[in-house]
Amino acid sequence: MQLTLEFGEFSGGLELLCESVKVHNINVDPPKGAEKLTMKDLLSWVLTNLIKERPEMFMKGDTVRPGVLVLVNDCDWELSGQLDTTLEEKDVVVFISTLHGG
């Protein structure tokens, strides 16, 4: 399944965890035995394949840290089921950090 991931679309800093690459066009298959890919599956894949440093700044347990806004096709994932959100071909997932130093 082809997806587009964007980290720090508005320069929130999350792209620094992925070697400063903001946009990733990826191919991810559902786990064996599953028919669909969920956000929980995608987060596990991102942690294993994209996050190069300080994973604790992106994830806490099996979900994103508080302060990380997740949009799936411009919709807040809290409205679509969070970890249970089902992803489809060519979906766009955006991660934005709302926490900034100052």
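Residues numbered from 1 in each chain as written. Predicted model: local features only at pLDDT ≥ 70, side-chain atom pairs only at ≥ 80, totals over all residues. Heavy atoms only, no water.

(A) Up close: the overall build of the chain. If you tally the helices and strands in the chain, you get one helix and nine strands. Across the chain, helices and strands are ordered from the amino to the carboxyl terminus as β-β-β-α-β-β-β-β-β-β. Compactness check: the chain gives a C-alpha radius of gyration of 13 Å against a globular reference of 13 Å for 102 residues, within 12% of the reference. Summarising its shape, the C-alpha atoms of the chain cover approximately 45 × 25 × 25 Å along the three principal directions. Residue burial in the chain is summarised as follows: out of 102 residues, 38% are buried. If you sum the accessible surface of the chain, you get close to 6,100 Å²; carbon and sulfur atoms cover 48% of it. Each charge sign in the chain was given a centre, from 9 positive and 17 negative side chains, and these centres are 6 Å apart. (Helix = DSSP H or I, 4+ residues; strand = E, 2+ residues; numbered from the N terminus. Rg over C-alpha atoms; globule rule 2.2 N^0.38 Å. Buried < 20%, exposed > 50% of the residue type's maximum accessible area, 1.4 Å probe, protein only. Areas by Shrake-Rupley, 256 points an atom, 1.4 Å probe, with all protein chains shown as cover. Lys, Arg positive; Asp, Glu negative; His and termini not counted. Charge placed at Lys NZ, Arg CZ, Asp CG, Glu CD.)

(B) Quick look at the side chain of T38. By secondary structure assignment, the location of T38 is in strand β3 (residues 37-38). Take T38: its relative accessible area is 19%, and that puts it in the buried class. Setting aside residues no more than four positions away along its own chain, T38 makes contact with L83, D84, T85, T86 and L87. (Contact = heavy atoms within 4.5 Å.)

(C) Up close: the environment of L71. Checked against the element boundaries, L71 lands in strand β6 (residues 68-72). Its relative accessible area of 14% is what places L71 among the buried residues. Beyond its immediate sequence surroundings of up to four residues, L71 is in contact with D76, V92, V93, V94 and I96.

(D) Inspection of the layout of surface pockets at higher detail. One number sums up the size of the largest pocket: a volume of about 200 Å³. Lining the largest pocket are 13 residues, with G13, L14, L17, M57 and S97 sitting closest to its centre. Its residues placed into classes, the lining of the largest pocket shows seven nonpolar, three polar and three charged. (1 Å grid on protein atoms, 1.4 Å probe; cavity = no way out; pocket = protein on both sides within 12 Å on 5 of 7 lines; lining within 4 Å. Points joined across faces, edges and corners; volume = space filled by probe spheres on them. Nonpolar A, V, L, I, M, F, W, Y, C, P; charged D, E, K, R; others polar.)

(E) Expanded view of the sheet that holds strand β9 (residues 92-97). Here five strands make up an open sheet; going across it, the order is β2-β1-β9-β6-β7 and the pairing mixed. Edge positions in the sheet fall to β2 (23-27) and β7 (75-76), since each of these pairs with one other strand and no more. In this sheet, β2 lies alongside strand β1 (residues 2-7) in antiparallel orientation, the contact comprising five bridges. Across the sheet, the residue bridging to L5 is H24, located in β2. (Pairing = 2+ DSSP bridges.)

(F) Structural detail: the nonpolar core. Grouped together as the largest cluster of nonpolar side chains are 26 residues, with contacts concentrated most on F7, M39, L42, F58 and F95. Elements that contribute at least two residues to this core include exactly β1, α1 (39-49), β6 and β9. The element best represented in this core is α1, accounting for four residues. (Core = buried A, V, L, I, M, F, W, Y, C linked by side-chain atoms within 4.5 Å.)

(G) Inspection of the side chain of H24 at higher detail. In this structure, H24 sits in strand β2. Within the structure, H24 has its side chain in polar contact with the backbone oxygen of V21 (distance 3.1 Å). When near neighbours in sequence (up to four residues on either side) are disregarded, H24 contacts L3, T4, L5, F7, C18 and L50. (Polar contact = N/O pair within 3.5 Å; in protein donor to acceptor, adjacent residues only side chain to side chain.)

Fair warning: the whole summary comes from geometry, so function is off the table for now.
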